[in-house]
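# Residue-level structural notes
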Amino acid sequence: MRLQDLASSFARLEATGPRLAAVRMVAELFSRLPESELEAAVYLLQGQLGPPYEGVELGVGELLLVRILARAYHSSEAVVAGRYRRAGDLGLVAESLATERRSRQLTVRRAYDALLDVAQASGAGAVERKTHLLVALLGRASSLEARYLVRIVQGRLRLGIGDATVIEATALGAFGDRRKKAIVEHAYNVRSDLGAVVRLAYAKGERGL
């Protein structure tokens, strides 16, 4: 799936009020994703790069992210910081700075892998490597993609999609009945990796899960 399509789903979810509507939208999103991208999409949907027990952190602070946006969009740190003070959301700042850019066909998998590379950068030169990787990623992203990529990096995705919504959406999308959420919930209790549970539900069905 193109990252642009995932970002568009995020935008719709952000504008959605009732929880049941969100469940249906997430189920529809999962049904459109190829099996190979389901795990990554689940993690990104919750602003993560893996199950919480793995402790995968991007390790990019606010000041560094301001510097990254300035470099990615050929602006100054003062301009980025000023826009951030007014908007209160670096994702919206990135979106406004990237307005004229078109997506270069980023996929969900490529974007996820790029963010994982950022998280795994460590040791001497890690800050510069993280900076280089994120500048390159944002340079390929559309304005809407940039909004959500930056929010994920900052840890403020703002979609409000918790485990319960993902579990219910999986029951609806994979089994056709959100009342079967107990099956998904039990699997999650056994294997505390929601991305893997969702993938298994779609790949192997109710019995396989």
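Everything below is about the structure shown above.
About the criteria used
- Residues numbered from 1 in each chain as written.
- Predicted model: local features only at pLDDT ≥ 70, side-chain atom pairs only at ≥ 80, totals over all residues.
- Heavy atoms only, no water.
- Axes fitted to C-alpha atoms, helices over the stretch in contact; angles between N-to-C directions.
- Helix = DSSP H or I, 4+ residues; strand = E, 2+ residues; numbered from the N terminus.
- Parallel < 35°, antiparallel > 145°, perpendicular 65-115°, else oblique.
- Left-handed = near helix turned anticlockwise from the far one by under 90°.
- Contact = heavy atoms within 4.5 Å.
- Nonpolar A, V, L, I, M, F, W, Y, C, P; charged D, E, K, R; others polar.
- Salt bridge = Lys/Arg side-chain N within 4 Å of Asp/Glu carboxyl O.
- Buried < 20%, exposed > 50% of the residue type's maximum accessible area, 1.4 Å probe, protein only.
- Phe/Tyr/Trp six-rings, centres within 6.5 Å; stacked < 30°, edge-to-face > 60°.
- Expected span 1.5 Å × (residues − 1).
- Polar contact = N/O pair within 3.5 Å; in protein donor to acceptor, adjacent residues only side chain to side chain.

### Some remarks on the packing of helix α4 (residues 62-72) against helix α5 (residues 77-87)
- The interhelical angle for the contact between α4 and α5, taken along N-to-C directions, is 120°, at an axis separation of 8 Å. Comparing their axes, α5 and α4 come out oblique. Every pair of crossing elements has a handedness; the one defined by α4 and α5 is right-handed. Contact with α4, carried on its side by E62, V66, R67, L69 and A70, involves E77, V80, A81 and Y84 of α5 and no other residues of that element.
- Of the residues that constitute the contact of α4 with α5, the class distribution is six nonpolar, no polar and three charged.

### Concerning the pattern of salt bridges
- Throughout the structure, instances matching the rule amount to 15 salt bridges.
- Note that D89 and R151 form a salt bridge whose closest N and O atoms lie 2.5 Å from each other. Placement of the pair is D89 in the loop between α5 and α6 (90-97) and R151 in helix α9 (residues 143-154), with a sequence separation of 62 residues. Here D89 and R151 have matching classes, each one buried.
- For D177, the salt bridge is made with R179, and the minimal N-O distance between the two is 3.1 Å.
- Accessibility expressed as a relative area gives 19% for D177, which makes it buried.

### Describing the packing of aromatic side chains
- This model, assessed by the stated rule, comprises three aromatic pairs.
- An angle of 85° between the planes, with centres 5.5 Å apart, marks the rings of F10 and Y148 as edge-to-face. Here Y148 lies in helix α9 and F10 lies in helix α1 (residues 3-14), a separation of 138 residues in the sequence.

### Side note on helix α8 (residues 126-140)
- An ideal rise of 1.5 Å per residue puts 21 Å on 15 residues; α8 measures up with 21 Å between its terminal C-alpha atoms.
- Listing the buried residues of α8 in full gives A126, K130, T131, L133, L134, V135, L137, L138 and G139.
- Turning to α8, the residues buried within the fold contact α4, α7 (108-120) and α9.

### Remarks on the environment of T16
- Tracing the chain through its elements places T16 in the loop between α1 and α2 (19-32).
- For the pair T16 and L159, spaced 143 residues apart in the sequence, the C-alpha separation amounts to 9.1 Å.
- Discounting chain neighbours no more than four positions away, the residues touching T16 are A21, A22 and M25.
- In terms of polar contacts, T16 uses its side chain to reach the backbone carbonyl oxygen of R12, at 2.7 Å.

### Some words on the environment of A27
- Mapping A27 onto the fold places it in helix α2.
- The exposure class assigned to A27 is buried, which follows from its relative accessible area of 4%.
- Residues A27 and T170, spaced 143 residues apart in sequence, show a C-alpha to C-alpha distance of 6.0 Å.
- Ignoring sequence-local partners within four residues, the contact set of A27 consists of A169, L172, G173 and Y202.

### Notes on the packing of helix α3 (residues 35-45) against helix α12 (residues 194-208)
- Closest axis-to-axis distance for the α3/α12 pair is 8 Å, and the angle between their directions is 145°. Between α3 and α12 the crossing geometry is right-handed. Across the interface between the two elements, E35, L38, E39, V42 and Y43 from α3 touch L194, G195, A196, V198, R199, Y202 and A203 from α12.
- In terms of residue class, the contact of α3 with α12 is built from eight nonpolar, one polar and three charged.

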